[in-house]
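# Architecture and fold: a report
Residues per chain are reported as follows:
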Amino acid sequence: APAAAPAATAPAASTAAAPPQLTIAIIGDGRTGVFASLRAGDGGRKLEDEIAAKVVWQPGFTASLPVMEGIKAGGVDFSFATATAVVNAVAAGVPIVPLAAYPLPATEVDVLVAKDSPIRSAADLKGKKIAHQNGTTGTYSLIKYLESAGLRLSDVQAVSLSGADAYTAFAQGSVDAWIHWQPASGLALAKLGDKARTLPGVKTYDYAFYVARAEFADKNPQVVARLVRLIREAQQDAVAHPDETVASWARLGGFEAGSVEEKVYRQLI
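Residues numbered from 1 in each chain as written. Predicted model: local features only at pLDDT ≥ 70, side-chain atom pairs only at ≥ 80, totals over all residues. Heavy atoms only, no water.

### A closer look at the pattern of salt bridges
Put simply, the rule is: The term salt bridge refers to a pairing of a side-chain nitrogen on Lys or Arg with a carboxyl oxygen on Asp or Glu at a separation within 4 Å. A helix here means a DSSP run of H or I that spans at least four residues, while a strand means a run of E at least two residues long, and both kinds are numbered starting from the N terminus. Buried, partly exposed and exposed residues are distinguished by accessible area as a fraction of the type maximum, computed with a 1.4 Å probe on protein chains only: under 20%, between the cut-offs, and over 50%, respectively.
Per the counting criterion, the structure on display carries nine salt bridges. Measuring nitrogen to oxygen at the nearest pair gives 3.1 Å for the salt bridge that ties Glu 215 to Lys 219. Of this pair, Glu 215 and Lys 219 both sit in helix α9 (residues 214–219), four residues apart, which is roughly one turn of the helix. A relative accessible area of 60% means that Lys 219 is categorised as exposed. Residue Glu 233 is joined to Arg 229 by a salt bridge in which the shortest nitrogen-to-oxygen separation is 3.6 Å.

Below, the structure is given as structure tokens:
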């Protein structure tokens, strides 16, 4: 009879290293956008199989700066971030590795005012109360917009509020203007109807980044590289198939099919 195999030659599967766990931070509820498409497996993608990692989704962040705090604390491994957040993060010693970048659309940011407001231009904002979310694309774009009229941030009453709180303050008339980014600004306009309008000449001065926590990227370079590639492909698919994309987000609960929100997202794509 053949000799029994020695214990040292146990099946490789029992000793194989478990795939790394990757925690991805999501700004918003995670039911719309490129991460939603990846979670849904749009385009036949099997995310965890393709990047060879177990993914933990962490939605609910209000902007990029809180995400940077999560990375610094070690609870987040990967996320989207604006250039404004990246600059602030580097200064604060957040251990990040920028992996990919692209310019945000020039129309990504809007300044909203009431329909009957006397504010018509950047110059008219002097002394006015303006809602923004401090340290974000909105803040930087507000600074640049004010500069176009020879004004500084100190020339206005800048109030830092999250997107949801700013919308409430604006809708109630507690602030004179509100600067924010898409899709929140587009959704706000759709909900407020003829009660609000945007100011002309507002531009977006920011880049979008995908960043990883440095320690994770150092240990798992192929995981983050594959993930960035899949994000790019998912973005391209969304542009090529906008109707299918918004239908997928509706199934995830991002909005009701046929709703105003669906129309806004379709236009944004």
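Further notes follow.
### Brief notes about the nonpolar core
Rules: As used in this record, nonpolar core signifies buried Ala, Val, Leu, Ile, Met, Phe, Trp, Tyr and Cys residues forming a set joined through side-chain atoms within 4.5 Å.
Core analysis: the largest hydrophobic core is formed by 25 residues, its most contacted members being Leu 22, Phe 35, Leu 38, Ile 51, Phe 78, Leu 227 and Ile 231. The leading source of residues in this core is helix α10 (residues 221–240), at seven residues. In this structure, Ile 119, Ala 122, Leu 125 and Leu 146 belong to the second largest nonpolar core, which totals 18 residues.

### Here's the deal with the sheet that holds strand β8 (residues 177–181)
For clarity, the threshold we go by: For two strands to be treated as a pair, DSSP must find at least two bridges joining them. Angles here are taken between N-to-C directions and fall from 0 to 180 degrees, while the axes themselves are lines fitted to C-alpha atoms, restricted in helices to the stretch in contact. We call two residues in contact when some of their heavy atoms are within 4.5 Å.
Overall, mixed pairing links the five strands, which are arranged β7-β6-β8-β5-β9 in an open sheet. Among the strands making up the open sheet, the edge pair consists of β7 (157–160) and β9 (196–198). Sheet twist, expressed as the average angle between the axes of neighbouring strands with direction ignored, equals 30°. Looking at chain direction, strand β5 (residues 109–114) and β8 are connected through five bridges and run antiparallel. Residue Leu 112 lies in a different strand from β8, and its bridge partner there is Trp 178. Against the sheet, helix α6 (residues 137–147) makes contact with β5, β6 (129–132) and β8, and its axis sits at roughly 125° relative to β8, the strand it touches most. Strands in contact with helix α7 (residues 163–171) are β5, β6, β8 and β9; relative to β8, the strand with the most contacts, it is inclined by about 150°.

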